[in-house]
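Summary of structural features
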Amino acid sequence: MKFQFSEKKVKLPGNVHAYAEKKVMKLARYFEEDATALIVFSVEKNRNNVELTVHGAGTWFRAHESTSDMFASIDAAVGTIEGQIRKNKTRLARRLRQDAFVRTAEETSFVAEEKEDDLSIVRVKKFNFRPMSREEAVLQMNLLEHNFFAFRDEDNHGAFAVVYRRNDGGFGLIEDAE
């Protein structure tokens with residue numbers, strides 16, 4: 001697993017990075033060797049925030065945790081992602097490593113506000129949209145903890161589509177009209 005660290009409004013000693021790397025490596029058993037982990041550390045109002053994003057096997061996992069201790073935030077973020085994987089293990093089984101859910105001997109348990117008149121784009125992201133089913137898109141949206149997810153709908157010949165979370169708790173789909 002490859003690691004990237006980022007620090008916002010905080011300068012951390014190397015032992016925090018080493019601790020995070022050690023804890024996140026527990027997730028490596030679910031992924032092939034080419035997986036990447038981005039760990040963003042920040043401090044706001046005496047809260048230690050950790051945002052952990054893991055990308056492997058064409059799937060993104062994201063967790064954001066905030067506690068009074070940076071080490072506890074790291075532990076919580078890793079636990080959140082492991083929980084997401086375990087909760088969705090049947091759906092993810094074909095993408096994750098074959099022996100990902102085999103128990104090991106040592107395992108015992110388990111935005112800033114925007115101004116109303118400011119319409120400027122403050123961040124641009126580029127993605128390769130791969131074809132997937134609508135169910136897979138909803139799963140990805142849930143794993144990323146986002147309210148929407150853009151994808152190419154394989155049920156509609158690869159047309160661009162967006163799934164989103166509705167206020168009533170259901171999901172919606174926006175399709176290309178062509």
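Quick caveat, the model's predicted, so the values are computed rather than measured.

Here we look at the nonpolar core
Within soluble globular proteins, side chains that are nonpolar generally end up buried alongside one another. Within the largest apolar cluster, 25 residues are counted, with the highest numbers of intra-cluster contacts made by Leu 27, Phe 41 and Leu 52. Counting only elements with at least two residues in this core, the list comes to helix H1 (14–24), strand E2 (36–44), strand E3 (47–56), strand E4 (59–67), helix H2 (70–87) and helix H4 (134–144). The element contributing the most residues to this core is H2, with six residues. Residues in contact with Leu 27, not counting those within four places in the same chain, are Met 1, Leu 52, Val 54, Val 78, Ile 81 and Glu 82.

Topic: the pattern of salt bridges
For side chains of opposite charge, pairing can occur when their charged atoms come near one another. Throughout the structure, instances matching the rule amount to seven salt bridges. Ionic pairing is found between Glu 82 and Arg 29, a salt bridge with its closest N-O pair at 3.4 Å. With Glu 82 in helix H2 and Arg 29 in the loop between H1 and E2, the pair connects residues that are 53 residues apart, well separated along the chain. Comparing Glu 82 with Arg 29 shows no difference in burial state: the two are buried. A salt bridge links Arg 62 to Glu 145, with the shortest nitrogen-to-oxygen separation between them at 4.0 Å. Because the salt bridges share partners, they merge into one network encompassing Glu 51, Arg 62 and Glu 145.

What about unusual backbone geometry?
With a phi angle near 60°, Lys 9 is a residue other than glycine that sits in the positive phi range. Accessibility expressed as a relative area gives 72% for Lys 9, which makes it exposed. At Glu 145, a position not held by glycine, the phi torsion is positive, near 60°. Since its relative accessible area comes to 43%, Glu 145 is described here as partly exposed.

Examining the packing of aromatic side chains
Per the stated rule, a full pass over the model turns up four aromatic pairs. When the centroid spacing of 5.5 Å and the interplanar angle of 85° are considered together, the rings of Phe 129 and Phe 160 count as edge-to-face. Here Phe 129 is found in the loop between helix H3 (89–92) and strand E5 (131–132), whereas its partner Phe 160 is found in strand E7 (residues 159–165), with 31 residues between them in sequence.

Points about the sheet that holds E3
Strand order in the open sheet formed by four strands is E1-E2-E3-E4, and the pairing between neighbours is mixed. Looking at which strands have only one partner, the edges of the open sheet turn out to be strand E1 (2–8) and E4. This sheet shows a mean twist of 15° between the axes of neighbouring strands, independent of strand direction. The sheet contacts of H2 involve E2, E3 and E4, and relative to E4 the element is tilted by about 145°.

Concerning the pairing of E4
Sheet topology places E3 next to E4; nine bridges connect them, and they run antiparallel. From the neighbouring strand, Asn 48 faces E4, where its bridge partner is Thr 67. Counting the residues in the hairpin turn of E3 and E4 gives two residues, including Ala 57, whose phi is positive at 55°.

Some thoughts on H2
Spanning 18 residues, H2 covers 26 Å between terminal C-alpha atoms, matching the ideal 26 Å at 1.5 Å per step. Every buried residue of H2 is listed here: Met 70, Ser 73, Ile 74, Ala 77, Val 78, Ile 81, Glu 82, Gln 84 and Ile 85.

Quick notes on the side chain of Lys 23
On the secondary structure map, Lys 23 appears in helix H1. Given a relative accessible area of 17%, Lys 23 falls into the buried group. Among all residues touching Lys 23, those that are not within four sequence positions of it are Ile 74, Asp 75 and Val 78.

What counts, and at which threshold
- Residues numbered from 1 in each chain as written.
- Predicted model: local features only at pLDDT ≥ 70, side-chain atom pairs only at ≥ 80, totals over all residues.
- Heavy atoms only, no water.
- Core = buried A, V, L, I, M, F, W, Y, C linked by side-chain atoms within 4.5 Å.
- Buried < 20%, exposed > 50% of the residue type's maximum accessible area, 1.4 Å probe, protein only.
- Helix = DSSP H or I, 4+ residues; strand = E, 2+ residues; numbered from the N terminus.
- Contact = heavy atoms within 4.5 Å.
- Salt bridge = Lys/Arg side-chain N within 4 Å of Asp/Glu carboxyl O.
- Phe/Tyr/Trp six-rings, centres within 6.5 Å; stacked < 30°, edge-to-face > 60°.
- Pairing = 2+ DSSP bridges.
- Axes fitted to C-alpha atoms, helices over the stretch in contact; angles between N-to-C directions.
- Expected span 1.5 Å × (residues − 1).

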